[in-house]
Amino acid sequence: EELHRREEEDETAPFKHKYAARDLLKGLTLQLTACKAEAEKLGLGAAWEEGMAGVEHQMGVNLVETEEISAGEKQLNLAIKRMKGAGGSAKFVCQILDSTNHLGLIWSQRGEHKKAEAFLIDATAQYDEFIKAKNDSKELVARVEALRTTTLFLFAQVYQHLGHPDMSAKYCQITLNRSLQGGLFDALDWTKNAVQLSGYYLSQGRYRDCATCLAGAEEVVARIPAEDAEENNVRMSETSSNLAWGWGKLHTTRLDNAA
């Protein structure tokens, strides 16, 4: 999994590490297939199913992230079916949530946003079931909450495409708040999304919410270390311009409406 998640550095071979991870996964699949009969003979059939389910999930994600979408979709559906049969959501909650999020993303990218919504609703049901169980593992809870944030982000995109801007804005705001609280986010991406959300609030006459988004964006930008800001000077310049435009639009709109 570590190799699979490693960032690619060679632009001429963008999926080098992911292809290497796939080779490892293929090797594991062959090994597991070869020992299936022996595992069942020793009464280890359930353990074998768990191992294969985990490998199939990783393979599905790998295929999607190397842009082999159809093969990845098929693999993720197989993985979910096996995981639910090998221990259910209690044992594979993170893998099932991750697989379901990926399937929602696949259908959204195909323009089938109602189908994408159905997968995200399913992911929400899985998340709610996990929360009701009140798991004591802080590490597991953190991983599940991170996956929940991804689900909410995808909801925001899907509802935008389905023509529900209010719902999209709601999920976008929740996503931004959760990302900020979690501390694991790209500051400039976060700021860009906050400025975009402020524009929606402005169009609805929700001036206080608009100002809150802009002020929050300014605070996040102010926390960016000087070294990081220098390395991303072009994006920093664009961010500053967008913030200035956002504040200017807010003030002129309020003045126009007050006249």
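Just so you know, the residues in each chain are numbered from 1, in the order the chain's sequence is written. Residue-level local features of this predicted model are given only where pLDDT is at least 70; pairs of side-chain atoms are given and counted only at 80 or more, and the full residue set underlies all totals for whole chains, interfaces and linings. Only hydrogens and water are set aside; all other atoms, that is, all heavy atoms of the structure, feed into the side-chain values.

Observations regarding the side chain of Thr 253
Every helix listed is a DSSP run of H or I at least four residues long, and every strand listed is a run of E at least two residues long, numbered separately from the N terminus. By the element assignment, Thr 253 lies in helix α13 (residues 233-258). Only protein chains enter the calculation, and the probe is 1.4 Å; a residue is then buried if its accessible area is under 20% of its type maximum, exposed if over 50%, and partly exposed in between. Take Thr 253: its relative accessible area is 17%, and that puts it in the buried class. Here a polar contact is taken to be a pair of N or O atoms separated by no more than 3.5 Å, where protein atoms must pair a possible hydrogen donor with a possible acceptor and residues adjacent in sequence count only if both atoms sit in side chains. A polar contact is formed between the side chain of Thr 253 and the backbone oxygen of Lys 249, at a distance of 2.7 Å. Whether two residues touch is decided by their heavy atoms; if any such pair falls within 4.5 Å, the residues are in contact. Once you skip the residues sitting within four places of it in the chain, Thr 253 turns out to touch Leu 202 and Tyr 207.

Quick word on the environment of Thr 191
Tracing the chain through its elements places Thr 191 in helix α10 (residues 187-203). The class of Thr 191 is buried, set by a relative accessible area of 1%. Residues Thr 191 and Ala 229, spaced 38 residues apart in sequence, show a C-alpha to C-alpha distance of 13 Å. Those residues in contact with Thr 191 that lie beyond four places of it in its chain are Ala 217, Val 220, Val 221, Thr 239 and Leu 243.

Focus on the environment of Thr 29
Tracing the chain through its elements places Thr 29 in helix α2 (residues 16-34). Of the residues examined, Thr 29 reaches a relative accessible area of 25% and is grouped as partly exposed. Considered as a pair, Thr 29 and Met 59 are 30 residues apart in the sequence and their alpha carbons are 9.6 Å apart. For Thr 29, the side chain forms a polar contact with the main-chain oxygen of Leu 25, separated by 2.9 Å.

Some points on the packing of aromatic side chains
Between the rings of Phe, Tyr and Trp (Trp by its six-membered ring), a pair exists once the centres lie within 6.5 Å; its type follows the angle of the planes, with under 30 degrees stacked, over 60 edge-to-face, and the other angles tilted. Across all of its chains, the model carries six aromatic pairs by this definition. Measuring from centroid to centroid gives 5.6 Å for Phe 155 and Tyr 159, while their planes differ by 5 degrees, and the two rings are stacked. Here Phe 155 and its partner Tyr 159 are both found in helix α8 (residues 138-161), four residues apart, which amounts to about one turn of the helix. By the burial criterion, Phe 155 is buried, and Tyr 159 matches it. Ring pairs connect the aromatic residues Phe 155, Tyr 159 and Tyr 171, which therefore count as one cluster. Whether a charge sits over a ring depends on NZ of Lys or CZ of Arg being within 6 Å of the ring centre and within 35 degrees of the ring normal. Against the face of Trp 107 rests Arg 110, its NZ or CZ located 4.6 Å from the ring centre. Against the face of Tyr 171 rests Lys 170, its NZ or CZ located 5.4 Å from the ring centre.

A word on helix α7 (residues 113-133)
Helices are assigned an expected span. That span is 1.5 Å times one less than the residue count. An ideal rise of 1.5 Å per residue puts 30 Å on 21 residues; α7 measures up with 30 Å between its terminal C-alpha atoms. Among the residues of α7, those classed as buried are His 113, Ala 116, Glu 117, Leu 120, Ala 123, Thr 124, Gln 126, Tyr 127 and Phe 130. With its phi angle positive at about 55 degrees, Lys 134 sits one or two positions after the end of α7.

Looking at the packing of α10 against helix α11 (residues 207-222)
Close contact between α10 and α11 brings their axes to 8 Å; oriented N to C, the two are set at 165 degrees. Between α10 and α11, the angle is such that the two are roughly antiparallel. Viewed along their axes, α10 and α11 form a crossing whose handedness is left-handed. Packed against α10, whose contacting residues are Ala 187, Trp 190, Thr 191, Ala 194, Val 195, Leu 197, Ser 198, Tyr 201 and Leu 202, the element α11 presents Tyr 207, Asp 209, Cys 210, Cys 213, Leu 214, Gly 216, Ala 217, Val 220 and Val 221 at the interface. Per-class residue counts for the contact of α10 with α11 are 14 nonpolar, three polar and one charged. Axis geometry follows a simple rule: fit a line to the C-alpha atoms, using only the stretch in contact for helices, then measure angles between N-to-C directions, giving values from 0 to 180 degrees. Our angle categories are set so that under 35 degrees counts as roughly parallel, over 145 as roughly antiparallel, 65 to 115 as roughly perpendicular, and the remainder as oblique. Take the far helix as your reference; a near helix turned counterclockwise from it by less than a right angle gives a left-handed crossing, and one turned clockwise gives a right-handed crossing. Gly falls in the polar group here, along with every residue not listed as nonpolar (Ala, Val, Leu, Ile, Met, Phe, Trp, Tyr, Cys, Pro) or charged (Asp, Glu, Lys, Arg).

A look at the pattern of salt bridges
Criterion for a salt bridge: a side-chain nitrogen of Lys or Arg within 4 Å of a carboxyl oxygen of Asp or Glu. Evaluation of the coordinates by the stated rule reveals ten salt bridges. Residues Glu 56 and Arg 82 are paired through a salt bridge, measuring 2.9 Å at the closest nitrogen-oxygen approach. Of the two residues, Glu 56 is situated in helix α4 (residues 45-65) and Arg 82 in helix α5 (residues 69-85); the sequence distance between them amounts to 26 residues. Take Glu 56: its relative accessible area is 12%, and that puts it in the buried class. For Arg 82, a relative accessible area of 23% gives the class partly exposed. One salt-bridge network, held together by shared partners, links Glu 49, Glu 56 and Arg 82.

Some words on the side chain of Thr 124
In this fold, Thr 124 is placed in helix α7. Excluding residues within four positions of it along the chain, Thr 124 makes contact with Arg 148, Thr 151 and Phe 155.

Re the confidence of the model for the protein chain
Residue-level confidence of the predictor is summarised by pLDDT, bounded by 0 at the bottom and 100 at the top. Summing up the model confidence of the protein chain, the mean pLDDT is 89 and the portion of residues at 70 or higher is 93%. For the protein chain, helix α1 (residues 2-5) is the element with the lowest average pLDDT, namely 48, and α7 is the one with the highest, namely 95.

Side note on unusual backbone geometry
Peptide bonds are mostly trans, and most non-glycine residues show a negative phi. At Glu 67, a position not held by glycine, the phi torsion is positive, near 65 degrees. Residue Glu 67 is classed as exposed on the basis of its relative accessible area of 62%. Unlike most non-glycine residues, Lys 134 shows phi in positive territory, near 55 degrees. Within the fold, Lys 134 resides in the loop between α7 and α8. Residue classification places Lys 134 among the exposed positions, given a relative accessible area of 68%.

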